[in-house]
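Here are the chains, one letter per residue:
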Amino acid sequence: MDMALRNIVKDTDELLHKKSRPVTEFNQKLWDVLDDMAQTMYKADGVGLAAPQVGLLRRMAVIDVGDGIIEIINPEIIETSGSQTGQEGCLSSPGVYMDVERPMKVTVRAQDRNGKWFEVKGKELFARALCHEIDHLDGILFMERAKEQQGTVVKVRRIPKR
Ligand code: CO
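Note that the structure is predicted; figures quoted are calculated from it, not measured. (Residues numbered from 1 in each chain as written. Predicted model: local features only at pLDDT ≥ 70, side-chain atom pairs only at ≥ 80, totals over all residues. Heavy atoms only, no water.)

Colleague: Help me understand the coordination of the cobalt ion, please; the structure alone is not making it clear to me.
Modeller: When a metal holds four donors in a tetrahedron, each ideal angle between them is 109.5 degrees; when it holds six in an octahedron, the ideal angles are 90 or 180 degrees. Within the protein, Cys 90 (SG), His 132 (NE2) and His 136 (NE2) serve as the donor atoms for the cobalt ion, at 2.0 to 2.2 Å. The motif formed by the donor residues of the cobalt ion, counted along the single chain, is C-x41-H-x3-H. Separated by 46 residues along the polypeptide, Cys 90 in the loop between strand S4 (84-88) and strand S5 (98-102) and His 136 in helix H2 (residues 124-137) bring together distant segments of the chain. Under the relative-accessibility criterion, Cys 90 is labelled buried at 11%. Given the relative accessible area of 1%, His 136 is considered buried. (Donors = N, O, S within 2.8 Å, 3.2 Å for Na, K, Ca; no water. Helix = DSSP H or I, 4+ residues; strand = E, 2+ residues; numbered from the N terminus. Buried < 20%, exposed > 50% of the residue type's maximum accessible area, 1.4 Å probe, protein only.)

Encoded structure:
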């Protein structure tokens, strides 16, 4: 199958501040997009990529923190515990890193590419990636989380070009 790199939407784009819609069709078109997202994430040296970052307002993301790829479609966080604070970045915000507090462990319920529901538990970096990518599906960027946690609620919208 032909895979293709997709352009990664930058954080200055309104699209990244919108809520994504559920995925309802589990077909070849979806699989092609997921394959492209994986290729785009690896090429950019990222550990996660959400559909809005390739211009699609659909509730899905790919993650690979070094243990193999996982695709999460229509994901929901169903349980969290503990907390961790660490530096976070995003392929849509090149060169920007900020401390963000996240749960130490999360349990996520999601569908796979065939529509089958499953549960996945993540801790440490994997938990952070799950939270970060699911935030993208609600139009929330990691810098907004960081700033909220520092007590300043800021919607990141127009950032000068670096
Ligand atoms: Co991101």
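Colleague: Help me understand the sheet that holds strand S6 (residues 105-111), please; the structure alone is not making it clear to me.
Modeller: As a general point, the strands of a sheet are linked pairwise by backbone hydrogen bonds and lie either parallel or antiparallel. Strand order in the open sheet formed by 5 strands is S1-S2-S3-S6-S7, with antiparallel pairing between adjacent strands. Looking at strand neighbours, the two that pair on one side only are strand S1 (48-50) and strand S7 (117-123), the edges of this open sheet. Here the average twist between neighbouring strands, direction ignored, is 40°. Bridging between S6 and S7 involves 7 bridges; their strand directions are antiparallel. Each residue of the ladder has a partner; that of Lys 105, found in S7, is Lys 123. Running over the sheet, helix H1 (residues 28-43) touches S1, strand S2 (60-63) and strand S3 (70-81) and is turned about 40° from S2. Together, S1, S2, S3, S6 and S7 form the strand contacts of H2, whose direction differs from that of S7 by roughly 125°. (Pairing = 2+ DSSP bridges. Axes fitted to C-alpha atoms, helices over the stretch in contact; angles between N-to-C directions. Contact = heavy atoms within 4.5 Å.)

Colleague: Help me out: how do you make sense of the side chain of Ser 20 in this one?
Modeller: Residue position: Ser 20 is located in the segment before H1. Look past the residues within four positions of Ser 20 in its chain and what remains in contact with it is Pro 52, Leu 56, Leu 57, Arg 58, Arg 59 and Leu 137.

Colleague: Any chance you could explain the pattern of salt bridges here in plain terms?
Modeller: Any two side chains of opposite charge can pair, on the condition that their charged atoms come close. Within the structure shown, the criterion is met by 10 salt bridges. Where Arg 59 meets Asp 138, a salt bridge forms, and the shortest distance between an N and an O atom there is 3.0 Å. Taken as a pair, Arg 59 in the loop between S1 and S2 and Asp 138 in the loop between H2 and helix H3 (142-149) lie far apart in primary sequence, 79 residues in all. Judged by relative accessible area, which is 27%, Asp 138 ranks as partly exposed. Between Asp 135 and Arg 102 there is a salt bridge, and its shortest N-O distance comes to 2.9 Å. One end of the pair, Asp 135, is in helix H2; the other, Arg 102, is in strand S5, with 33 residues separating them in the sequence. (Salt bridge = Lys/Arg side-chain N within 4 Å of Asp/Glu carboxyl O.)

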